[in-house]
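# Inside the fold
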Amino acid sequence: MNSNYHFIGISGSLRKGSLNTALLNASLELLPEGVTMEITSIADIPIYNGDNDLPLTTHRPESVTTFRNKLANADGLVIVSPEYNYSIPGGLKNAIDWASRGEDSPLLNKPVALMGATPGMWGTVRMHLAFQAVFVFLDMKAVYKPEVFVAQASKKFDADGKLTDEFTINLLKKKLQALKDIIIQLNKN
Ligand SMILES: Cc1cc2nc3c(=O)[nH]c(=O)nc-3n(C[C@H](O)[C@H](O)[C@H](O)COP(=O)(O)O)c2cc1C
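### Some points on the site of the ligand
- All residues in the neighbourhood of the ligand are listed as Ser13, Arg15, Ser18, Leu19, Asn20, Pro82, Glu83, Tyr84, Asn85, Tyr86, Thr118 and Pro119.
- Measuring from an oxygen atom of the ligand, one finds a backbone N or O atom of Leu19 at 2.9 Å.
- The fraction of the free accessible surface of the ligand (620 Å²) that becomes covered by protein chains is 70%.
- Of the residues that constitute the shell around the ligand, the class distribution is 5 nonpolar, 5 polar and 2 charged.

### Structural notes on the environment of Val80
- As for its placement among the helices and strands, Val80 is situated in strand S3 (residues 76-80).
- A sequence separation of 107 residues divides Val80 from Asn187, and the C-alpha atoms of the two residues are 24 Å apart.

### Notes on the pairing of S3
- Counting buried positions along S3 gives 5 out of 5 residues, so the element sits mostly inside the fold.
- Burial of S3 is two-sided: the residues Gly76, Val78 and Val80 facing one way and the residues Leu77 and Ile79 facing the other way are all buried.
- Note: strand S1 (residues 5-11) against S3, 5 bridges, orientation parallel. Counterpart to Ile8 in the pairing with S3 is Leu77.
- Where S3 lies against strand S4 (residues 111-117), 4 bridges are found, and the strand directions are parallel.

### Topic: the side chain of Ser105
- Relative to the helices and strands, Ser105 resides in the loop between helix H3 (90-100) and S4.
- Polar side-chain contacts of Ser105 include one of 2.7 Å to the backbone oxygen of Ala99.
- Leave out the neighbours within four places in its chain, and Ser105 touches Arg68, Ala99 and Ser100.

### Some details on helix H5 (residues 166-188)
- Helix length check: H5, at 23 residues, gives a terminal C-alpha distance of 33 Å against a target of 33 Å (1.5 Å per residue), a fit within 8%.
- Residues Thr168, Ile169, Leu171, Leu172, Lys175, Leu176, Ala178, Leu179, Lys180, Ile182 and Ile183 constitute the buried set of H5.

### So, the packing of helix H2 (residues 62-72) against H3
- Contact geometry of H2 with H3 gives a least axis separation of 10 Å together with a crossing angle of 75°. Looking at the two axes, H2 sits roughly perpendicular to H3. Residues Val64, Phe67, Arg68 and Leu71 of H2 form the contact with H3, whose own contacting residues are Ala95, Trp98, Ala99 and Ser100.
- Residue composition of the contact of H2 with H3, grouped by class: 6 nonpolar, 1 polar and 1 charged.

### Structural notes on unusual backbone geometry
- Following Leu54, the chain continues into Pro55 via a peptide bond in cis, with omega recorded as 5°.
- Relative to the assigned elements, Pro55 resides in the loop between strand S2 (35-39) and H2.
- Omega for the bond connecting Lys145 with Pro146 falls within 30 degrees of zero, at -5°, which places this linkage in the cis form.
- As for its position among the elements, Pro146 is in the loop between strand S5 (141-142) and strand S6 (148-150).
- The backbone of Tyr86 shows a phi angle near 65°, a positive value even though the residue is not glycine.
- On the secondary structure map, Tyr86 appears in the loop between S3 and H3.
- Under the relative-accessibility criterion, Tyr86 is labelled exposed at 56%.

### Some remarks on the pairing of S1
- Within S1, 6 of the 7 residues are buried, leaving the element largely enclosed by the surrounding structure.
- In the sheet, S1 pairs with S2 via 5 bridges, with the strands oriented parallel. Along S2, the bridge assignment pairs Ile8 with Glu38.
- Regarding topology, helix H1 (residues 19-27) serves as the crossover connection from S1 to the parallel S2, and that connection is right-handed.

### Regarding the packing of H1 against H5
- Between H1 and H5, the least distance of the axes is 10 Å, while the angle of their chain directions is 65°. The crossing of H1 and H5 is right-handed. Touching Leu23, Ala26 and Ser27 of H1 are Thr168, Leu172 and Leu176, all from H5.
- Across the contact of H1 with H5, the residue classes tally to 4 nonpolar, 2 polar and no charged.

Procedures and definitions
- Residues numbered from 1 in each chain as written.
- Predicted model: local features only at pLDDT ≥ 70, side-chain atom pairs only at ≥ 80, totals over all residues.
- Heavy atoms only, no water.
- Near = heavy atom within 4 Å.
- Polar contact = N/O pair within 3.5 Å; in protein donor to acceptor, adjacent residues only side chain to side chain.
- Areas by Shrake-Rupley, 256 points an atom, 1.4 Å probe, with all protein chains shown as cover.
- Nonpolar A, V, L, I, M, F, W, Y, C, P; charged D, E, K, R; others polar.
- Helix = DSSP H or I, 4+ residues; strand = E, 2+ residues; numbered from the N terminus.
- Buried < 20%, exposed > 50% of the residue type's maximum accessible area, 1.4 Å probe, protein only.
- Pairing = 2+ DSSP bridges.
- Contact = heavy atoms within 4.5 Å.
- Expected span 1.5 Å × (residues − 1).
- Axes fitted to C-alpha atoms, helices over the stretch in contact; angles between N-to-C directions.
- Parallel < 35°, antiparallel > 145°, perpendicular 65-115°, else oblique.
- Right-handed = clockwise from strand over helix to strand, strands pointing away.
- Left-handed = near helix turned anticlockwise from the far one by under 90°.

So this is what it looks like as structure tokens:
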């Protein structure tokens, strides 16, 4: 079947030299056949304020509406994030919170692939665990396998931020394929 699928990719880190953004960028070249991906930034999303959310106002901040629309138009979500203090980085959690509100939340039932990179030894395992609660609450369809915990990540990219570690490259490919597969599976039901 020649269906085309579209992913939206977000990085939980805003810094220029981010290992996680580098991993997300690497995904662009490893997508399964028939899949496109747009990477979008969460840098302009303000701190969640219920007074600026529906139904109290007639419109949300523009950056939030844009973000929600991009999520709504994607078949699958790719999140690549560091672990901050054993958990989800605040900026990323905040963006997820904005997108989670309302019966028309674009996150409800959304297929999602989570990955993470750290210079440390534990590969963002605890950030992954923190995300599970979010995935459950929003009925998101997470692809848990293969787990992409990129430990000692500084050694896995070259000076230009290009992913050079073959094991990680293969893992990334499999994860992206798994996201496509779950979308196909869900579309059948
Ligand atoms: C606020 C903060 C908290 C952090 N907490 C953790 C942590 O719990 N576990 C971990 O492995 N690394 C932790 N780190 C280190 C990050 O993994 C490291 O800075 C990493 O490079 C951030 O990802 P990035 O390269 O994509 O920006 C923390 C960094 C920051 C700034």
